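Descriptive analysis of the structure
Next come the chains, spelled out residue by residue.
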Amino acid sequence: MSVPAIAIRKLVKRFGETTVLQDIDLEIPEGKVSCLIGPSGSGKSTLLRCLAFLEEATSGMITINGEALGFFEDANGRRERLPANQIRAVRTKTGMVFQQFNLWPHMTALGNVSEALKLVRKVPKAEAEERAMVQLRKVGLENRAGHYPSQLSGGQQQRVAIARALALEPKIMLFDEPTSALDPELTGEVLNVMRDLASEGMTMVVVTHEIGFAASVGQQISFLDHGRLLFSGPPAEIFAKPRHPRLEQFLDTYLDRGASMLA
Amino acid sequence: MTPKLFTLLLEAALSTLGISLVSIAIGFVIAMLLSAALLSGKSIYILPARLFISFFRGVPLLVQLLLIYTLLPVIGINVPGIVAAIVGLSLCTAAYQAENLRGGFASVPPGLIEAADVAGFTGAQTFIRIRAPIALRLTFPALVNEAIMILKSSSLVSVVGIIEITKMAQDLASSTYQPIPIFASAALIYFVINSAIALLGRYAERSLKGASA
Ligand SMILES: Nc1ncnc2c1ncn2[C@@H]1O[C@H](COP(=O)(O)OP(=O)(O)O)[C@@H](O)[C@H]1O
Ligand SMILES: [Mg+2]
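Since the model is a prediction, treat every value here as computed from it, not as a measurement. (Residues numbered from 1 in each chain as written. Chains lettered and ligands numbered in written order. Predicted model: local features only at pLDDT ≥ 70, side-chain atom pairs only at ≥ 80, totals over all residues. Heavy atoms only, no water.)

**Here we look at the overall build of chain B**
The condition that has to hold: Helix and strand definitions follow DSSP, with helices as H or I runs of at least four residues and strands as E runs of at least two, each counted in order from the N terminus. Burial classification: accessible surface area is computed with a 1.4 Å probe over protein chains only, and a residue below 20% of its type maximum counts as buried, one above 50% as exposed, and the rest as partly exposed. It only takes one pair of heavy atoms within 4.5 Å for two residues to be counted as in contact. Areas reported as accessible are Shrake-Rupley estimates using a 1.4 Å probe. Residue values count occlusion only from the protein chains shown.
Regarding its fold elements, chain B presents eight helices and zero strands. Along chain B, helices and strands appear, N-terminal first, in the series α-α-α-α-α-α-α-α. Taking the principal axes of its C-alpha atoms as reference, chain B extends roughly 70 × 45 × 20 Å. In chain B, which comprises 213 residues, the proportion classed as buried is 42%. Considering only intrachain contacts with a sequence separation of at least 6, the fraction spanning at least 24 residues in chain B is 76%. Accessible surface for chain B amounts to roughly 10,700 Å². Of this, 71% is attributable to carbon and sulfur atoms.

Here's what the structure looks like:
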């Protein structure tokens, strides 16, 4: 078997006394869409943030394409922080899309998408903007390039945020509930962009309450509950009856139109 | 009140305006450096920045100016009055501007900084391209206010030998025995300059708003 896009080994995350993630072992396959589902507060965002190195795990190890992210842990549990440039290099393999979009309000859509190319990758301005336009076209927003975030709908802002992440050509895209801040009628345009991305073979990790999306696009579903990974597998297996009582309870709460077919 | 006298006042107004604007600009740069220090998370930067801000907000500007003017020659640095004036006003306004900016920096949504972080920005790049411009937009009205305050406070630089509007008005009043028209003219000049600053500020604020949330 090939190296997984992401391997998570015995990951533990505590905030002070509270254990938020407990012994997570999970492999994210390359070129597939992995969905992370679970009740609110179960630790989904924290896990994704560990993958983006926005949070540092308390123990355990994450590798991305076989390279350790942030820390190296040997068999005896001895842990060592990797040098900053190495951390930076591994982090460039992932792109992140946030629930709240987090577009920079003082830059246009084009500015948001081209900024890191210019500033971090040192791409000349004209080329950076050309490459940013390619990404905006991809999410269907080339005609909004000069708009500021405040002039865009939530769905458009999230598509710009996706373009911003894609501009840096990540190997893996991380999404944290990308549609949950949107009005229901705007979720479709974002999910469609994500479907397109999936069909191009992008490795994606998606935290989502859109059970319909998870069931139809997800190729691996992982169910997190109280900081533990209760199970992980293909949708057919996860949603097959009889279900784990915690999952049954979760589905009762979050069942949407798309998931009604699973009931 | 002859046109000759009014011209003298206007010339003095140029000193006031020049010294104030240069001090505000220098003070702004220092205030940003102080903000960066306060946000660094390292106490070797934070503590001196805090001390600086408390000192220059806590000691009267008049005393600061006199101190700079008399202290520097003692330690072997001879400065012309204009330099002492600009140094004094700059350091003072830097402290106030840093204090204004603090609220703005605190209001920058953390998610915007995280977005820069995952895109590979260094801390300095995030400060310059994300945090500072957003904090500035949020606190811009307070900055305009501070510019007006400094312009008015600049009357104090006469103590280091600068002839600005107020000093010129005093001199002219005592030499011509026409204090009322002269002081009224001085007041008018201050009023016009500060109204112009307020107006420009509002215009700039609107165009900044147009370019953000
Ligand atoms: N920075 C933090 N400090 C303390 N507790 C936190 C922090 N971030 C998250 N938590 C806690 O961790 C738990 C999991 O949070 P989160 O990962 O956001 O869950 P989910 O995304 O599944 O809703 C929650 O109980 C939350 O309160
Ligand atoms: Mg969450």
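**Side note on the packing of aromatic side chains**
Remark: the centre distance and the inter-plane angle together describe each pair of aromatic rings, the angle taken between the planes. To keep things clear, this is the line we draw: Side-chain rings of Phe, Tyr and Trp (the six-membered ring for Trp) are treated as a pair once their centres are within 6.5 Å; stacked means planes under 30 degrees apart, edge-to-face means over 60, and tilted covers the remaining angles. Definition used: whenever NZ (Lys) or CZ (Arg) falls within 6 Å of the ring centre and also within 35 degrees of the ring normal, the charge is taken to sit over that ring.
Counted by the stated rule, this structure contains seven aromatic pairs over all chains. Here the aromatic rings of Trp104(A) and Phe121(B) are separated by 5.3 Å at their centres, their planes lie at 45°, and the arrangement is tilted. Pair noted here: Trp104(A) is in the loop between strand 8 (94-97) and helix 3 (109-119) and Phe121(B) is in the loop between helix 5 (110-118) and helix 6 (123-153), and the two residues belong to different chains. The same class applies to Trp104(A) and to Phe121(B), which are both buried. When the ring centre of Phe71(A) is taken as origin, the NZ or CZ atom of Arg79(A), which lies over that ring, is 4.0 Å away. Over the ring of Trp104(A) we find Arg164(A); its NZ or CZ atom is 4.4 Å from the centre of that ring.

**Looking at the interface of chain B and chain A**
One widely used convention gives an interface's size as the accessible area the parts lose upon coming together. Quick reminder of the rule: Two parts placed together each lose some accessible area; with a 1.4 Å probe, that loss summed over both constitutes the buried area. Within this document, salt bridges are pairs made up of a side-chain nitrogen of Lys or Arg and a carboxyl oxygen of Asp or Glu, the two lying within 4 Å of each other. For this analysis, a polar contact is any N or O atom pair within 3.5 Å, provided that within protein one partner can donate a hydrogen and the other can accept it, and provided that sequence-adjacent residues contribute only side-chain to side-chain pairs.
Contacts between chain B and chain A engage 21 residues on the former and 23 residues on the latter. Carbon and sulfur atoms supply 61% of the area that chain B and chain A bury against each other, a total of about 1,900 Å² over both sides. At the boundary of chain B with chain A, the tally comes to three salt bridges. Glu114(B) is the partner of Arg49(A) in a salt bridge, and the nearest nitrogen-oxygen pair spans 2.7 Å. Linking chain B to chain A there are eight residue pairs in polar contact (both at pLDDT 80 or more).

**So, the sheet that holds strand 10 (residues 203-207) of chain A**
All names here are of chain A. Worth spelling out the cut-off: Paired strands, as defined in this entry, are two strands with at least two bridges between them according to DSSP. Fitting a line to C-alpha atoms yields each axis, with helices limited to the stretch in contact; the angle taken between N-to-C directions then spans 0 to 180 degrees.
Taken in spatial order, the six strands line up as 8-9-10-3-11-12 in an open sheet, and their pairing is mixed. Either end of the sheet is taken by a strand with one partner, and the two such strands are strand 8 and strand 12 (228-233). Looking at each pair of strands side by side, their axes are set apart by 15° on average, direction ignored. Direction of pairing for strand 8 relative to strand 9 (residues 172-176): parallel, over a ladder of four bridges. Across the sheet, the residue bridging to Met 96 is Leu 174, located in strand 9. With respect to the sheet, helix 6 (residues 184-199) is in contact with strand 3 (33-37), strand 9 and strand 10, its orientation differing from that of strand 10 by roughly 145°. Together, strand 3, strand 11 (220-225) and strand 12 form the strand contacts of helix 9 (residues 245-254), whose direction differs from that of strand 11 by roughly 95°.

**A look at helix 7 (residues 165-176) of chain B**
Residue and element names in this part refer to chain B. Defined as follows: Expected span, for any helix, means 1.5 Å times one less than how many residues it has. Relevant arc is that of directions from the helix axis to the C-beta atoms, nothing else.
The terminal C-alpha atoms of helix 7 lie 16 Å apart, and with twelve residues this matches the ideal 16 Å at 1.5 Å per residue to within 8%. By the burial criterion, the buried members of helix 7 are Ile 165, Met 168, Ala 169, Leu 172 and Ala 173. The buried residues of helix 7 all sit within an arc of 130° when viewed along its axis, so they share a single face. Sitting at the head of helix 7, Glu 164 places a side-chain oxygen 3.0 Å from the backbone nitrogen of Thr 166. Taken from the residues just after helix 7, Tyr 177 is the one with a positive phi, measuring 55°.

**Some details on the packing of helix 2 (residues 43-58) of chain B against helix 4 (residues 81-106) of chain B**
Residues and elements named next belong to chain B. Short version of the rule: By the definition used in this description, the sense in which the near helix is turned from the far one sets the handedness, with an anticlockwise turn below a right angle giving left-handed and a clockwise turn giving right-handed. Each residue gets one of three labels, nonpolar for Ala, Val, Leu, Ile, Met, Phe, Trp, Tyr, Cys and Pro, charged for Asp, Glu, Lys and Arg, and polar for the others, Gly among them.
One way to put it is that helix 2 packs onto helix 4 with a least axis distance of 8 Å and a crossing angle of 115°. The crossing of helix 2 and helix 4 is left-handed. Here Phe 52, Ile 53, Phe 56 and Arg 57 of helix 2 come into contact with helix 4, specifically with Leu 91, Cys 92, Ala 94, Ala 95, Tyr 96, Ala 98 and Glu 99. Class assignment for the residues of the contact of helix 2 with helix 4 results in nine nonpolar, no polar and two charged.

**Quick notes on the environment of Glu146(B)**
The topology assignment puts Glu146(B) in helix 6. Beyond its immediate chain neighbours, meaning those up to four positions away, Glu146(B) contacts Thr93(B), Tyr96(B), Gln97(B) and Asn100(B).

**Details of the pattern of salt bridges**
Residue and element names in this part refer to chain A. Here the structure, examined in full by the defined rule, presents 21 salt bridges over all chains. With a shortest N-O distance of 3.0 Å, Arg 81 and Glu 56 are connected by a salt bridge. Taken together, the residues Arg 81 in strand 7 (residues 79-81) and Glu 56 in the loop between helix 1 (44-51) and strand 4 (59-64) connect sequence positions 25 residues apart. Accessibility expressed as a relative area gives 45% for Arg 81, which makes it partly exposed. What makes Glu 56 partly exposed here is its relative accessible area of 33%. In this structure, the salt-bridge partner of Arg 131 is Glu 169, at a minimum N-O distance of 4.0 Å. You can see Arg 131 sitting in helix 4 (residues 125-138) and its partner Glu 169 sitting in the loop between helix 5 (154-166) and strand 9, a full 38 residues away along the chain.

**A closer look at the UniProt feature "domain: ABC transporter" (unreviewed entry) in chain A**
Using the following cut-off: UniProt positions are given in the numbering used here, feature names are shortened, and annotations may be inferred rather than shown by experiment.
Under the UniProt annotation, the feature "domain: ABC transporter" (unreviewed entry) is placed at residues 6-251 of chain A. Within the segment residues 6-251 of chain A, helix and strand shares are 36% and 27% respectively, and the terminal C-alpha atoms sit 27 Å apart.

**Topic: the pairing of strand 3 of chain A**
Residue and element names in this part refer to chain A. In terms of burial, strand 3 is largely enclosed, as five of its five residues are buried. With burial as the criterion, each face of strand 3 is covered, one bearing Val 33, Cys 35 and Ile 37 and the other bearing Ser 34 and Leu 36. Where strand 3 lies against strand 11, four bridges are found, and the strand directions are parallel. In the sheet register, Ile 37 faces strand 11, and the bridge partner there is Phe 223.

**Points about the site of ligand 1**
Residue and element names in this part refer to chain A. Quick reminder of the rule: For each residue, the test is whether any non-hydrogen atom lies within 4 Å of the molecule or strand; if one does, the residue is near.
The full set of residues close to ligand 1 is Phe 15, Val 20, Pro 39, Ser 40, Gly 41, Ser 42, Gly 43, Lys 44, Ser 45 and Thr 46. Between ligand 1 and the protein, one listed contact pairs an oxygen atom with a backbone N or O atom of Gly 41 at 2.7 Å. Taken by itself ligand 1 offers 560 Å² of open surface, and the protein chains cover 56% of this. By residue number, the principal contributor to the shell around ligand 1 is helix 1, which donates three residues. Taken together, the residues that form the shell around ligand 1 break down as three nonpolar, six polar and one charged.

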